[in-house]
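Notes for the structure review
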Amino acid sequence: MTPGGRSLLVRDLAQVATPAGATVPLRGADLSEVDVIEDAYILCEDGQITAFGRMRELAADGDPDEFDGRGLCAVPGLVDCHTHACFAGDRVDEFELRAAGASYEELHAAGGGILATVRATRAAGEEGLAEALRQHRDWMLGFGTTTFEAKSGYGLDRETELASLRAIRDAGGVPTWLGAHAVPPEFEDADAYLEFALFEVLPQTARLAEAADVFVEEGAFDAGQARRYLEACRAAGLTLRLHGDQFTEQGAVPLAIELGARSVDHLEATGDRGVRALAASDVVGVLLPASALFLDRPMPPARALVDAGAAIALATDFNPGSAFCESLPLVCSLAATQLHLSPREALCACTVNAAHVLGRAELGRVAPGHRADLVLLDAPDWRYLAYHLGGELVAAVIKDGEVAWRR
């Protein structure tokens, strides 16, 4: 039974599409294996999928609530494994300046960029920040995201970082402490800030966050500083993740592999050596094509990574400065048109592989025993997920076996 005391039968679906197999993460040829069932149903009980198949095989017991899926296609609930959705304010003025030719690095050096959002987020207060995050979560839900990760990192002081992580947790997100995002203006340099973050903030954030993240880049944190931060976070029980190779290669990929990080994210600047190293490792490369597009940067080498055998995931990088985008369907379109992935690879990358990055084995597939999180697409073919660029594609979202959003 669902938490509300009823079961749910989604019936007469045009198609159900789900990543095939049972292994995680998917890589190589397995990343393009998708099972498609025509004229299908999905039965949900107690927040889980208990059965699915062709309508002619349906044998539902009891009296479940029914959802008419005629003309719709179902895919697993989308999983956004890299967002910065916990922020206040916007950077629309900065966007206009960048459109006129200012670079991301120039804006950051002038006090814009991340630090502009730090000022707005600190000023919002805990309730204002929680309200903003709830709004952003609801935006993502309307595009089919049933599970989202969100990072702190726009506070960079103790109280705002803790407030950010509480807001993410309370909104149902997966909280990541991005304590090493930038150096706030009250500290002389990165080393002085890390001393504060690790001794004054980490002991409390480790009780709220599931993972720790660091921005390894010129003007942020170098590999040595990132190592210090990540090793301390690992000792505190946090899963490790890295922002790496967004603008330049600074050693993030070998560091991620050495420390056994769950993922290294961005990779726009990753060269052949980094591709080969990731392919030989268990580290997932999380690709963020909306960010590359938004900043007019080179796209990450997705095709080379997949062909080499690396595990990849897709995410939005939803944030106010470099990827003001909450739509995973749009990311799937960019994956197909800019990263040269197939629609099948894109689906697997933002469902089962993204769920693996978050340590959520119960997500990402339409299969008995998996959580009953589904996206119903108003389309005759599930591949419209990538094909319909920026369209109103999502008809309804089911989370934990209940209709959570409906157009």
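Residues numbered from 1 in each chain as written. Predicted model: local features only at pLDDT ≥ 70, side-chain atom pairs only at ≥ 80, totals over all residues. Heavy atoms only, no water.

The next subject is the sheet that holds strand β11 (residues 263–266). With respect to topology, eight strands assemble into an open sheet ordered β6-β7-β8-β9-β10-β11-β12-β13, the strand pairing being parallel. Single-partner strands in this sheet number two, and they are β6 (78–80) and β13 (312–314). Along the sheet, successive strands turn relative to each other by an average axial angle of 25 degrees, direction set aside. In this sheet, strand β8 (residues 174–180) lies alongside strand β7 (residues 145–151) in parallel orientation, the contact comprising three bridges. Residue pairing for β8: E149 is matched across the bridge by V174. Together, β6 and β7 form the strand contacts of helix α3 (residues 114–142), whose direction differs from that of β7 by roughly 140 degrees. (Pairing = 2+ DSSP bridges. Helix = DSSP H or I, 4+ residues; strand = E, 2+ residues; numbered from the N terminus. Axes fitted to C-alpha atoms, helices over the stretch in contact; angles between N-to-C directions. Contact = heavy atoms within 4.5 Å.)

Our focus in this paragraph is a negative patch on the surface. On the surface, E188, D189, D191 and D222 cluster together into a negatively charged patch. Considering the arrangement of structural elements, one finds E188 in the loop between β8 and α5 (190–205). (Patch = residues over 30% accessible without salt bridge, like charges linked within 9 Å, V, L, I, M, F, W, Y side chains within 5 Å. Areas by Shrake-Rupley, 256 points an atom, 1.4 Å probe, with all protein chains shown as cover. Salt bridge = Lys/Arg side-chain N within 4 Å of Asp/Glu carboxyl O. Lys, Arg positive; Asp, Glu negative; His and termini not counted. Charge placed at Lys NZ, Arg CZ, Asp CG, Glu CD.)

With the rule as written, the count across this model stands at twelve aromatic pairs. Ring geometry for F87 against F318: centres 5.8 Å apart, planes inclined by 80 degrees, an arrangement best described as edge-to-face. Residue F87 is found in the loop between β6 and α1 (92–99), and its partner F318 is found in the loop between β13 and α11 (328–337); the two are separated by 231 residues along the sequence. Across the pair, exposure class does not vary: F87 and F318 are buried alike. Ring centres of Y193 and F196 lie 6.2 Å apart, and the angle between their planes is 45 degrees; on these two criteria the pair is classed as tilted. Here F196 and Y193 lie together in helix α5, a separation of three residues that amounts to about one turn. Here the two residues Y193 and F196 agree in accessibility, since each one is buried. Chaining the aromatic ring pairs together yields one cluster made of F87, W139, F318 and F324. (Phe/Tyr/Trp six-rings, centres within 6.5 Å; stacked < 30°, edge-to-face > 60°. Buried < 20%, exposed > 50% of the residue type's maximum accessible area, 1.4 Å probe, protein only.)

Here we come to the side chain of S281. By secondary structure assignment, the location of S281 is in the loop between α8 (272–279) and β12 (284–287). A distance of 3.1 Å separates the side chain of S281 from the backbone nitrogen of V283, its partner in a polar contact. Ignoring anything within four residues of it in the chain, the contact list for S281 reads R27 and I257. (Polar contact = N/O pair within 3.5 Å; in protein donor to acceptor, adjacent residues only side chain to side chain.)

The next thing to look at is unusual backbone geometry. The omega torsion of the bond from V24 to P25 falls at -15 degrees, within 30 degrees of zero and hence cis. Tracing the backbone shows P25 in the loop between β1 (8–19) and β2 (34–45). Backbone geometry places L267, a non-glycine residue, at a positive phi of 70 degrees. Along the polypeptide, L267 turns up in the loop between β11 and α8.

Per-chain confidence: the protein averages 95 in pLDDT, with 98% of residues scoring 70 or above. Mean pLDDT values for the elements of the protein range from 73 in helix α2 (residues 104–109) up to 99 in β6. (pLDDT = per-residue confidence, 0-100.)

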